[in-house]
Amino acid sequence: MITNQTANCPECDATLNIPADAMQNELIACADCGAELEIISLDPIELDLAPEVEEDWGE
Amino acid sequence: MMRVGLLVTHIRAEEKALIAAFEAAGVQPDVILDRDVNIDLNAGAGQIAPSGYAWSDYGLIVERCVSTSRGLYLLAVFATWGIPTVNDYQTAAVCADKVRTTLALAEQGIAQPQTRLAFTPDSAIEAIEAVGYPAVLKPATGSWGRLLARVNDRESAEAIIEHRQTLGDYNHHTYYVQAYVAKPQRDIRAFVVGDQTVCAIYRHAEHWITNTARGGSASNCAVTPELDAICRSAARAVGGGVLAVDLLETPAGDLLVNEINHTMEFRNSSAPTGVDIAQVAVAYMLEQMRVIA
């Protein structure tokens, strides 16, 4: 768990507040550009664009 | 102590809620990413999982892959190795395929839309016209309301079929055709855990596709004895587990089972229903592990 960290969106470079209860491999959205991002590392915080939705994704 | 694995493509709100529910129950699940899996299919469950533990150390693996194909293949592996999973491979395989779901429901006489299966453009037109316009064309596998087509007339049918034949792979040359149900701008999603309908929501939308993944909104739906009965029957028909049963209401007020989801999304459903779906699901999962052990 981490607390109140920030990171930059890899798509638009906006500053994102990372939730205190964020988890590794969690998906979050950039509030500025709407890009779906994945937290690939918590310490240090590292974000990457989430994988594109594939045809077999779903419930 | 047997371990619990949570098999995921990535962590979404649902997986986060499940992890919290496991932790509240005193269990720390190992998160296993499907992208990290590299299994020797000729070797057994003694090989090491991405978590660093042997697969055979797992008393339960909860399959929550957003990738249906990855989830199904891995459930098949675990079933072969005798590792308990929720849901199990048989249930997931039936739910992931609309044709097999329809057959399973039909076998138990459970009310559902009129549905036909065809494989060529000509027979697909015949199937569509047998159920009548408007009809609904769906991919046999797929989710989130993707590539659903409401077919209002012969010209639309011919155009959609030509597009599917030309642009789609072989999966899109299987024509799963349903009669359109004139539902009241909403459908019902009920959550069935084991043999209990734990809660249900209405999914409201102006559009005929009401999936919350497509922007539909959720409100509480009372679990009436009628809804409870059809949902539990439907869940049993596909093998049971932790399932979301989607239903349509006919103009006459009858309930029809539309589809059943085996890696259900519920982030929008606990708040309107007041039911902690993750907690209920985890209690069932841990009970399954105890029963099997």
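The structure presented is a predicted model; accordingly, all values stated were derived computationally and were not measured.

## Regarding the overall build of chain B
Piece 1. Counting secondary structure elements, chain B contains 9 helices and 13 strands.
Piece 2. The C-alpha atoms of chain B give a radius of gyration of 20 Å, which matches the 19 Å a tight globule of 293 residues would have.
Piece 3. Principal axes of the C-alpha set define a box for chain B whose edges measure 60 × 45 × 35 Å.
Piece 4. Expressed as a percentage of the 293 residues in chain B, the buried residues total 54%.
Piece 5. Expressed as a percentage of contacts within chain B between residues at least 6 apart in sequence, the contacts between residues at least 24 apart total 64%.
Piece 6. Carbon and sulfur atoms make up 50% of the accessible area of chain B, which amounts to about 12600 Å² in all.
Piece 7. Here chain B holds 23 positive side-chain charges and 32 negative ones, and the gap between their average locations is 3 Å.

## Regarding the overall build of chain A
Piece 1. Within chain A, the secondary structure is distributed over 0 helices and 5 strands.
Piece 2. Along the chain direction, N to C, the helices and strands of chain A fall in the order β-β-β-β-β.
Piece 3. The dimensions of chain A, computed from C-alpha atoms along their principal axes, are 35 × 25 × 15 Å.
Piece 4. Every one of the 59 residues in chain A was classed for burial, and the buried ones make up 42%.
Piece 5. Considering only contacts in chain A between residues 6 or more positions apart, those separated by 24 or more positions represent 18%.

## What to know about the interface of chain B and chain A
Piece 1. Counting from both sides, the interface comprises 25 residues of chain B and, opposite them, 16 residues of chain A.
Piece 2. Carbon and sulfur atoms supply 46% of the area buried between chain B and chain A, which totals about 1800 Å² over both sides.
Piece 3. When residues of chain B are sorted by the area they lose upon contact with chain A, His10(B), Ile11(B) and Lys16(B) head the list and together hold 32% of the total.
Piece 4. Our count for the chain B to chain A interface comes out at 4 salt bridges.

## With respect to the packing of helix α5 (residues 121–131) of chain B against helix α6 (residues 154–167) of chain B
All names here are of chain B.
Piece 1. α6 packs onto α5 with a crossing angle of 140° between their chain directions and a minimal axis gap of 10 Å. Handedness of the crossing formed by α5 with α6: right-handed. Taking contact as the criterion, the partners of Pro121, Ala124, Ile125, Ile128 and Glu129 in α5 are, on α6, Arg154, Ala157, Glu158, Ile161 and Gln165.

## Section: helix α7 (residues 225–237) of chain B
Since the α-helix packs 3.6 residues into each turn, any two residues three or four apart lie on the same face.
Residues and elements named next belong to chain B.
Piece 1. Across its 13 residues, α7 extends 18 Å between first and last C-alpha, which sits within 8% of the 18 Å expected from 1.5 Å per residue.
Piece 2. Within the sequence span of α7, burial applies to Leu227, Ile230, Cys231, Ala234, Ala235 and Ala237. Viewed along the axis of α7, the buried residues span an arc of 160°, placing them on a single side of the element. Opposite the buried face of α7, by more than 90 degrees, sit the exposed residues Pro225 and Arg236.
Piece 3. Positive phi appears at Gly239, one or two residues downstream of α7, with a value of about 115°.

## Thoughts on the pairing of strand β9 (residues 186–193) of chain B
All names here are of chain B.
Piece 1. The element β9 is largely enclosed, with a buried count of 7 among its 8 residues.
Piece 2. For β9 and strand β10 (residues 196–204), the ladder comprises 8 bridges, and the chain directions are antiparallel. What sits directly across from Ala190, in β10, is Ala200.
Piece 3. The hairpin turn running from β9 into β10, its antiparallel successor, is 2 residues long, and Gly194 in that turn takes a positive phi close to 65°.
Piece 4. Note: β9 against strand β12 (residues 242–249), 6 bridges, orientation antiparallel. Looking at β12, one finds that Ala190 is bridged to Val245.

## As for the packing of aromatic side chains
Residue and element names in this part refer to chain B.
Piece 1. One pass over the structure, following the stated rule, counts 5 aromatic pairs over all chains.
Piece 2. Ring geometry for Trp55 versus Tyr58: centroids 6.3 Å apart, planes at 50°, classification tilted. Tyr58 matches Trp55 in its accessibility class, with the two residues each being buried.
Piece 3. Ring plane angle 55° and centroid distance 6.4 Å describe the contact between Phe78 and Trp81, whose orientation is recorded as tilted. Placement of both Phe78 and Trp81 in helix α2 (residues 68–81) is noted, with a separation of 3 residues, approximately one turn of the helix.
Piece 4. Of the residues examined, Trp81 reaches a relative accessible area of 18% and is grouped as buried.
Piece 5. Ring pairing ties together the aromatic residues Trp55, Tyr58, Phe78 and Trp81, which thus form one cluster.
Piece 6. In this arrangement the basic side chain of Arg3 is found over the ring face of Tyr53, its NZ or CZ atom lying 3.7 Å from the centre.

## Observations concerning the sheet that holds strand β3 (residues 27–29) of chain A
All names here are of chain A.
Piece 1. With antiparallel pairing, the 3 strands of this open sheet are ordered in space as β3-β4-β5. Bordering the open sheet on either side are β3 and β5 (45–49), each of which pairs with just one other strand. In this sheet, adjacent strand axes meet at a mean angle of 40° when their direction is disregarded.
Piece 2. Two strands pair when backbone bridges link them, and β3 and strand β4 (residues 36–42) are joined in this way by 3 bridges, in the antiparallel orientation. Paired with Ile28 across the two strands is Leu37, which belongs to β4.

## Description of the domain arrangement of chain B
Piece 1. Segmentation of chain B into domains returns domain 1 (3–95 + 288–292), domain 2 (114–179) and domain 3 (186–275).
Piece 2. Averaged C-alpha coordinates put domain 1 of chain B and domain 2 of chain B at centres separated by 34 Å.

Definitions and limits used
Residues numbered from 1 in each chain as written. Chains lettered and ligands numbered in written order. Predicted model: local features only at pLDDT ≥ 70, side-chain atom pairs only at ≥ 80, totals over all residues. Heavy atoms only, no water. Helix = DSSP H or I, 4+ residues; strand = E, 2+ residues; numbered from the N terminus. Rg over C-alpha atoms; globule rule 2.2 N^0.38 Å. Buried < 20%, exposed > 50% of the residue type's maximum accessible area, 1.4 Å probe, protein only. Contact = heavy atoms within 4.5 Å. Areas by Shrake-Rupley, 256 points an atom, 1.4 Å probe, with all protein chains shown as cover. Lys, Arg positive; Asp, Glu negative; His and termini not counted. Charge placed at Lys NZ, Arg CZ, Asp CG, Glu CD. Buried area = accessible area lost by both parts, 1.4 Å probe. Salt bridge = Lys/Arg side-chain N within 4 Å of Asp/Glu carboxyl O. Axes fitted to C-alpha atoms, helices over the stretch in contact; angles between N-to-C directions. Left-handed = near helix turned anticlockwise from the far one by under 90°. Expected span 1.5 Å × (residues − 1). Arc of directions from axis to C-beta. Pairing = 2+ DSSP bridges. Phe/Tyr/Trp six-rings, centres within 6.5 Å; stacked < 30°, edge-to-face > 60°. Lys NZ or Arg CZ within 6 Å of the ring centre and 35° of its normal. Domains from an automatic or database assignment.

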